[in-house]
Amino acid sequence: MGRDRDGDWDGAPVKTVNWINGAWEGADGGATFSVRNPATGEEIARVPDCGAAEARRALDAAAAAFPAWAALPAIDRANVLFNVYAQMLTRARELAALLTRENGKPIREALAEIQYAADFVRWSAEEARRVYGETIPASVAGKRHLVLKQPLGVVAAITPWNFPAAMITRKVAPALAAGCTVVIKPAEQTPLSALALAELFEAAMLPPGVLNVITGNPEPIAKEMLAHPKVRKIAFTGSTEVGKLLMRGAADGLKRVALELGGHAPFIVFADADLDKAADGCVANKFRNSGQTCICANRVYVQQEVHDAFAKKLADRASALVIGDGMDEKTQIGPMIDEGGLKKVIEHVEDAKRRGAKVLCGGRVRDGKWFEPTVMTGVPAEARVLREETFGPVAPVVAFRTEEEVLRLANDTPYGLAAYFFTKDASRLFRVAEALEYGIIGVNDPSPGVPQAPFGGMKESGMGREGGKWGIEEYVEVKHVSIGL
């Protein structure tokens, strides 16, 4: 990667290569594809356009490296991760600038993501020494029963564009800590963060083949991951539709799957809530990364008594957000990732307006790449924005009367990733948290995700958990050893 005199990434177009079996190499035929800055449209890099052959080579390398890495003492695996963690903090500004260039999110958000991503590396390094076995009392004399936890094997990880650093470390760090080897396929829009992280692992003296990064056409690479006999797990973050395809493909080889899929998060404000705190929380949650996050609020439900007051507070705050290039420190709203993402947001807003919704602020495209932070009221239940994941900076506000009504509305979706509610009622806190059919609940908290807690969804938002002790458990096999004395 190009760097200026201060050590920061200088933004110049660079040609990057994949990291396979400890070597940097291009596609077999030399093919590349372009990576562009979504704010400016400029080409910032060209990366290898790989397919099945290169994927097979990376998976073979991971399989060959697995026995030695799995046999390495946990403290030695942890030390590699601690080294990477230290590098991520030292080079945080550089990594964040690269992330903003390829993803578009504001630089302050990018810096926060690098810290979040690094924290997963540190947590997993600490957990590497805590993969404990057990002994079980025997039912007859002369026997002993042991339970061992051993690394699963080769992991194939497919990661999204909206958090191109954190979604990698959340999978890779616990897998490596457990003793697994990994092949990463990053999103085509944002492969540079993955390759930059590979540089850090190389500098940390990770043995060849333990971690591999391959860029290119997702279909042949994913097919090879599903077909390869040594792959024991598919870890994927992305759309529910693709997750279902991967799950079907994994069935033939009985490969484990961990799927963090689409969301349709409700954000509920009860009449007893602190409205200013709730409005601040809604802005922080809804408009982070321009609403392009799987756990951001997609539907805002406000109790009738405070609906108008809350909607005004939310609109006032949303309209004050600064739109611009993510590299500008003042920017709070970056561009949409691509034309497809922008088109979906436009369609959702126009559909709601046709059905009678009122736009309190925003609702327009800015300079062809940005969509203004938008707050709408009077949105009918049949509007697409209340039925589908928008993945953009649009907040539809809907009034409700009772707790029972809003729980029915909130749970009326096939998705179940994250949900939020604001209240001062301690009894309601427990009732609603237990009744919401979601894997992550934020109560008076718009940012519940932390490395030490489980992250994952219910229903069609996926299966498996990342983070905390649960994250590393996803990468081990449980073995019973019965010993006759």
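Residues numbered from 1 in each chain as written. Predicted model: local features only at pLDDT ≥ 70, side-chain atom pairs only at ≥ 80, totals over all residues. Heavy atoms only, no water.

### Here's the deal with the overall build of the chain
Inference 1: When its secondary structure is counted, the chain shows 14 helices and 25 strands.
Inference 2: On C-alpha atoms alone, the chain measures out to a radius of gyration of 23 Å, which is about the 23 Å that the 2.2 N^0.38 rule sets for 485 residues.
Inference 3: Its C-alpha atoms give the chain principal-axis dimensions of about 70 × 65 × 40 Å.
Inference 4: Taken across its 485 residues, the chain has 56% of its residues classed as buried.
Inference 5: Within the chain, one finds 58 positive and 61 negative side-chain charges whose respective centroids are separated by 3 Å. (Helix = DSSP H or I, 4+ residues; strand = E, 2+ residues; numbered from the N terminus. Rg over C-alpha atoms; globule rule 2.2 N^0.38 Å. Buried < 20%, exposed > 50% of the residue type's maximum accessible area, 1.4 Å probe, protein only. Lys, Arg positive; Asp, Glu negative; His and termini not counted. Charge placed at Lys NZ, Arg CZ, Asp CG, Glu CD.)

### Details of the sheet that holds strand β6 (residues 134–136)
Two modes of strand pairing occur in sheets, parallel and antiparallel, and in both the strands are linked by backbone hydrogen bonds.
Inference 1: If you walk across this open sheet you meet the three strands as β6-β7-β25, and the pairing is antiparallel. Lying at the two open borders of the sheet, with one neighbouring strand each, are β6 and β25 (476–484). With strand direction ignored, the average angle separating the axes of adjacent strands in the sheet is 25°.
Inference 2: Pairing between β6 and strand β7 (residues 143–151): three bridges, direction antiparallel. (Pairing = 2+ DSSP bridges. Axes fitted to C-alpha atoms, helices over the stretch in contact; angles between N-to-C directions.)

### A few points about the nonpolar core
Inference 1: In terms of nonpolar packing, the biggest core is built from 61 residues, with Met88, Val182 and Phe201 touching the most fellow members.
Inference 2: Ranked by residue count, the leading element in this core is helix α5 (residues 166–178), at nine residues.
Inference 3: Residues within four places of Val182 in sequence aside, it is in contact with Val155, Ala157, Val172, Ala175, Leu176, Val210, Leu211 and Asn212. (Core = buried A, V, L, I, M, F, W, Y, C linked by side-chain atoms within 4.5 Å. Contact = heavy atoms within 4.5 Å.)

### What to know about the state of the cysteines
Inference 1: All told, the structure shown has zero disulfides when counted by the stated rule.
Inference 2: Of all cysteine sulfurs in the structure, the one in Cys282 sits closest to Cys361, which takes part in no disulfide; the separation is 11 Å.
Inference 3: A relative accessible area of 8% means that Cys361 is categorised as buried. (Disulfide = S-S within 2.5 Å.)

### Observations regarding the packing of aromatic side chains
Inference 1: The full count for this structure, using the stated rule, is seven aromatic pairs.
Inference 2: Taking the centre distance of 4.9 Å and the plane angle of 70° together, the rings of Tyr116 and Phe120 count as edge-to-face. Of the two residues, Tyr116 and Phe120 both sit in helix α4 (residues 107–127), four residues apart, roughly one turn of that helix.
Inference 3: Geometrically, the ring pair formed by Phe270 and Phe421 is edge-to-face, given 6.3 Å between the ring centres and 90° between the ring planes. With Phe270 in the loop between β13 (265–269) and α9 (275–286) and Phe421 in strand β21 (residues 418–422), this residue pair connects regions lying 151 residues apart in the sequence.
Inference 4: Residue classification places Phe421 among the buried residues on the basis of a relative accessible area of 0%.
Inference 5: Grouping aromatic residues by their ring pairs yields a cluster made of Phe267, Tyr420 and Phe422.
Inference 6: For Lys233, the ring lying beneath its charged end belongs to Tyr475, and the centroid distance is 4.2 Å.
Inference 7: The ring of Phe270 carries the charged tip of Arg428 above its face, separated from the ring centre by 4.2 Å. (Phe/Tyr/Trp six-rings, centres within 6.5 Å; stacked < 30°, edge-to-face > 60°. Lys NZ or Arg CZ within 6 Å of the ring centre and 35° of its normal.)

### So, the layout of surface pockets
It is the rolling of a water-molecule-sized probe over the atoms that shows where space remains empty.
Inference 1: Taken as a whole, the second largest pocket holds about 360 Å³ of empty space.
Inference 2: Those elements that provide at least two residues to the lining of the second largest pocket are β4 (32–36) and α11 (339–354).
Inference 3: Here the element with the most residues in the lining of the second largest pocket is β4; it accounts for three residues.
Inference 4: For the lining of the second largest pocket, the residue count by class is five nonpolar, five polar and six charged. (1 Å grid on protein atoms, 1.4 Å probe; cavity = no way out; pocket = protein on both sides within 12 Å on 5 of 7 lines; lining within 4 Å. Points joined across faces, edges and corners; volume = space filled by probe spheres on them. Nonpolar A, V, L, I, M, F, W, Y, C, P; charged D, E, K, R; others polar.)

Read these as spatial facts, not as claims about activity.
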